[in-house]
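# Summary of structural features
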Amino acid sequence: MFFDFHIHGGPEVALNAGKLGYRGVVLTVCSRDCINQPETIKNLRKRVEKIKSDNGENFPSIQIGVEIEARNPEDFKKQVSKFRKKADVILVHGGDLKINRAATEDPRVDILSHPYRTRFDSGINHVLAVKATENSVAVELNLKYFLLTSPNHRYRVLTQFRQIMKLHRKYKFPTIITSDAGTNYDLRNPLDVMALAACFGMTKEEAFEALSKTPQEIIKRNGIRGKIIVPGARFVK
């Protein structure tokens, strides 16, 4: 079972992801859009239900994600509190080292997106790697960031991805591969993605884990999130 947990296109793109072999996807909206237009998430869920009823069993499982785009750590905390219960999956728009750190330190976050964005390093150091492991925050390897980078800078992206994998093997924080697709043309067959992941220095098992195991663990964890009393304790019927 393969999953793509970062798609910006609408339900139509999610439908095509299902045809390519993805069992589930996360349709992601920007937190800024949700603040400016409060009905964004509600309207997206309605669109999903409509196209799902039209396609039935051929439709993949769809969850709604909010990508937190914060100005600073204080703004980040406010937005996570605002959207955690409204969204199925919380992603954080990474790149700024302060935001990267805030995301890895917050167990309410599911995915730290492109922590290397606009940087020359990976955006993840040993301290952040430990925090990501402690709080089960998945670090994203964003294919759009890699594929749309100019050939002159692509080696830098490969180096950033390899740095993340080196830290992943040492500290065991989860990694996740996503397409960040905005159109059908941005989607990639999951088997092709696994083959491409070899360029990042990933083994077949690591690529499968990033496309299958990590997303399933996020789904499982979020399924019981509302029952958690304190870390390590939850309500059980």
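Just above sits the structure.
Note on numbering: residues in each chain are counted from 1, in written sequence order. The predicted nature of this model means local features are confined to residues of pLDDT at least 70 and side-chain atom pairs, given and counted, to a pLDDT of 80 or more, with totals for whole chains, interfaces and linings taken over all residues. Side-chain numbers come from the whole structure's heavy atoms, not from hydrogens or water.

Let us look at the environment of His8. Segments assigned H or I by DSSP are reported as helices when at least four residues long, segments assigned E as strands when at least two residues long, and all are numbered from the N terminus. The residue His8 is located in the loop between strand S1 (2-7) and helix H1 (11-20) in this model. Along the chain, His8 and Lys172 lie 164 residues apart, while their C-alpha atoms are 28 Å from each other. Should any heavy atoms of two residues lie within 4.5 Å, those residues are counted as being in contact. In this view, His8 contacts Thr28, Glu67, Asp180, Ala181 and Gly182; residues no more than four positions away in its chain are not counted. Within the structure, the side chain of His8 is placed 3.1 Å from the side chain of Asp180, a separation counted as a polar contact. Counted as a polar contact is a pair of N or O atoms within 3.5 Å, where, for protein atoms, one must be capable of donating a hydrogen and the other of accepting one, and residues adjacent in sequence contribute only when both atoms are in side chains.

Attention now goes to unusual backbone geometry. Of note, the phi angle at Ser136 is positive, near 55°, even though the residue is not glycine. For Ser136, a relative accessible area of 29% translates into the label partly exposed. Look at Lys172: it is not a glycine, yet its phi comes out positive at around 70°. With respect to the secondary-structure elements, Lys172 resides in the loop between helix H8 (151-171) and strand S7 (175-178). Exposed residues in this analysis have more than 50% of their type's maximum accessible area, buried residues have under 20%, and partly exposed residues fall in between, with area computed by a 1.4 Å probe over protein chains only.

Across the five residues of strand S6 (residues 138-142), five count as buried, placing the element largely inside the fold. Here S6 shows no split at all, with Ala138, Glu140 and Asn142 on one side and Val139 and Leu141 on the other all buried. Two strands qualify as a pair provided that DSSP identifies no fewer than 2 bridges between them. Both strand S5 (residues 111-113) and S6 contribute to a ladder of two bridges, which runs parallel. Across the sheet, residue Ile111 finds its bridge partner in S6, namely Ala138.

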